[in-house]
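What the coordinates show
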Amino acid sequence: MFLTISTTGTDEKPATDLGYLLHKHPDKSQAFSTSHGRAHVLYPEASAERCTAALLLEVDPVALVRRGKGKGRGGAPDAALAQYVNDRPYAASSLLAVALSTVFKSALRGDCAARPELVGQALPLRIEVPALPARGGAELVVKLFEPLGWVVTAEPIALDEQFPDWGDSRYVRLVLEGELTLAEALRHLYVLLPVLDDAKHYWVAPDEVDKLLRVGEGWLAEHPEQKLITSRYLARRWSLTRDAEERLELVRLAEADDVEVEAIDNAVDEETDSEEKPVPLVVQRREAIVEALRAANASRVLDLGCGQGQLVQALHKDVRFTEIVGVDVSMRALAVASRRLKLERMGERQADRVKLFQGSLAYTDKRLKGYDAAVLSEVIEHLDLPRLPALEYAVFGSARPATVLVTTPNVEYNVRWESLPAGHVRHGDHRFEWTRAEFRAWAAKVAERHGYGVEFTPVGPDDPEVGPPTQMAVFTIKATDETKTDVTKTDDTKKEATAA
């Protein structure tokens, strides 16, 4: 993982002044320990006419996996091969952004005790990143950096130069040229490198909002791609993104009126404000699921496709759920879930109530048998339709929990989303979205094939014309003659034990 910062100068203003700003002497090669490897700072060239500082980050893939996966009881299982063999050591990402803030901390803040007059001077800068993952392509790279005053060159890197027909990879070679202060340049890189990678290697906590606003001061509020930058930087965490956008809007208004933010952020007295805020749909859905599980008297629950563990966390707070199992195909999601739950900090008794393991819902798994209930929350729409029968058999035919809850978007409600273009699904990964009639028809066939009854519950506001935003099916297994016999035997055994 490699990045260079170059500048030019004269005998009166030598380019080697870059060393003062970076707090790294051009005649030395220095190494620094980071949380995921070792960072090296060196100067390939250092003269009055031209100076280049290079940051080389050697990522330790094994350390990265060990720090990322869940620990303690119920933690994520041993990492898959993909966690060891990936682009992390080579392509610029949030790892490089963290290294920038660690190694060039003073420069990022704009501090230079030795030569304070240099801090505010714009320098002719050239920044090169040989391999930068760009989800959105070279066009997005230009959209992000060009409004900040950079002349941008983003050359797509071929998947394989020997096979040009394969096309380009998602990586670009990035060159930025412009006259900016060094602190501005570093702040742009710190935010936009992980935004382009669209993945962070660490858990995004609420303090990331403060960090984003601090580093984005002076440029983010007016950036034309502000919403995309904010959403991606905060790992698409809706509550954090909303908080950041609201605070950025205050900054924009304050700058327009040339006043302090505090002067315009005083319209509401928090002590007397009694206006009810709308409950997000994701919260309503989670509450509806928990209530349905309580109504089913379930105590041992499977969360199939658990993602980052929000539902597992909600269930763990209720002591009636004695065993909660989160299953997901994504090791990254399981690692995030483990950190969210803080399993390594729990007492042994509490940690024993939770298990997280990797698994595909397209295959039968004996570990899923014997549970009171299973939840498929916003899962089925992420599968290609031909794969649905495999999931159906794995859950209803093989695992056969007493209760199964399935939630999925109601496509009819999409017309109520003002921000959703006509004909688009709610998420880029959705393979389909069903009407209420389509969902009911599928659920009825599944119930009939596998011996379940099914009822339907709206989640969210039930619009009289288009229905609710989310539809939920509650499947309940039917008691067969064999099941009734077993229940009778169990009741007789209990009576005999009581009499004795």
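Report follows, based on the coordinates. (Residues numbered from 1 in each chain as written. Predicted model: local features only at pLDDT ≥ 70, side-chain atom pairs only at ≥ 80, totals over all residues. Heavy atoms only, no water.)

**Comments concerning empty space enclosed by the protein**
Applying the stated criterion across every chain, the model contains three cavities of 30 Å³ or more. In this structure, the largest cavity spans a volume of roughly 70 Å³. As for the largest cavity, its lining consists of L21, S106, A107, G110, D111, C112, L118, V119, Q121, T181, L182 and A183. Looking at the lining of the largest cavity, the elements that each hand over two or more residues are α4 (105-109) and α6 (182-197). (1 Å grid on protein atoms, 1.4 Å probe; cavity = no way out; pocket = protein on both sides within 12 Å on 5 of 7 lines; lining within 4 Å. Points joined across faces, edges and corners; volume = space filled by probe spheres on them. Helix = DSSP H or I, 4+ residues; strand = E, 2+ residues; numbered from the N terminus.)

**So, the sheet that holds strand β7 (residues 168-180)**
One open sheet accounts for seven strands, arranged β2-β3-β4-β1-β5-β7-β6; its pairing is antiparallel. At either margin of the open sheet sits one strand with a lone partner, and together these are β2 (30-34) and β6 (151-158). Ignoring strand direction, the axes of neighbouring strands in this sheet form an average angle of 15 degrees. Bridge count between β6 and β7: seven bridges; the pairing is antiparallel. Pairing of A154 across the sheet is with L174, part of β7. Its contacts with the sheet put helix α5 (residues 137-145) on β6 and β7, and the angle it makes with β6 is roughly 160 degrees. (Pairing = 2+ DSSP bridges. Axes fitted to C-alpha atoms, helices over the stretch in contact; angles between N-to-C directions. Contact = heavy atoms within 4.5 Å.)

**Let's talk about helix α15 (residues 388-399)**
Look at α15: 15 Å from first C-alpha to last across 12 residues, which is about the 16 Å you get at 1.5 Å a residue. By the burial criterion, the buried members of α15 are L388, L391, E392, A394, V395, F396, S398 and A399. Check the buried side of α15 and you find it contacts β8 (300-304), β11 (373-377), β12 (403-409), α16 (436-450), β13 (452-459) and β14 (470-477). Count one or two residues on from α15 and you reach R400, which has phi positive near 50 degrees. (Expected span 1.5 Å × (residues − 1). Buried < 20%, exposed > 50% of the residue type's maximum accessible area, 1.4 Å probe, protein only.)

**Examining helix α3 (residues 94-103)**
The buried count for α3 comes to eight of 10 residues, which makes it a mostly enclosed element. Residues of α3 that are buried: S94, L95, L96, A97, A99, L100, S101 and V103.

**Some words on the sheet that holds strand β10 (residues 354-358)**
Across the sheet, which stays open at both edges, the seven strands sit in the order β10-β9-β8-β11-β12-β14-β13 with mixed pairing between neighbours. Each end of this open sheet is capped by a strand with a single partner; those strands are β10 and β13. Adjacent strand axes in the sheet meet at a mean angle of 15 degrees, parallel and antiparallel pairs treated alike. Across five bridges, the pairing between β8 and strand β9 (residues 323-328) is parallel.

**Quick notes on the packing of α3 against α6**
The interhelical angle for the contact between α3 and α6, taken along N-to-C directions, is 160 degrees, at an axis separation of 8 Å. Viewed along their axes, α3 and α6 adopt a mutual orientation that is roughly antiparallel. When the axes of α3 and α6 are compared, the crossing they make is left-handed. Of the residues in α6, those touching α3 at S94, L96, A97, L100 and S101 are L186, L189, Y190, L193, P194 and D197. (Parallel < 35°, antiparallel > 145°, perpendicular 65-115°, else oblique. Left-handed = near helix turned anticlockwise from the far one by under 90°.)

**Notes on the pattern of salt bridges**
Evaluated as defined, the whole model comprises 26 salt bridges. Here K211 ties to E208 by a salt bridge, and the two come within 2.7 Å at their closest N and O atoms. Placement of both K211 and E208 in helix α7 (residues 207-215) is noted, with a separation of three residues, approximately one turn of the helix. By relative accessible area, E208 is classed as buried at 3%. (Salt bridge = Lys/Arg side-chain N within 4 Å of Asp/Glu carboxyl O.)

**Notes on the side chain of T230**
Inspection of the secondary structure assignment puts T230 in helix α8 (residues 226-233). Taking relative accessible area as the criterion, T230 reaches 0% and is therefore assigned buried. In contact with T230, not counting residues within four places along its chain, are L212, T241, A244, E245 and L248.

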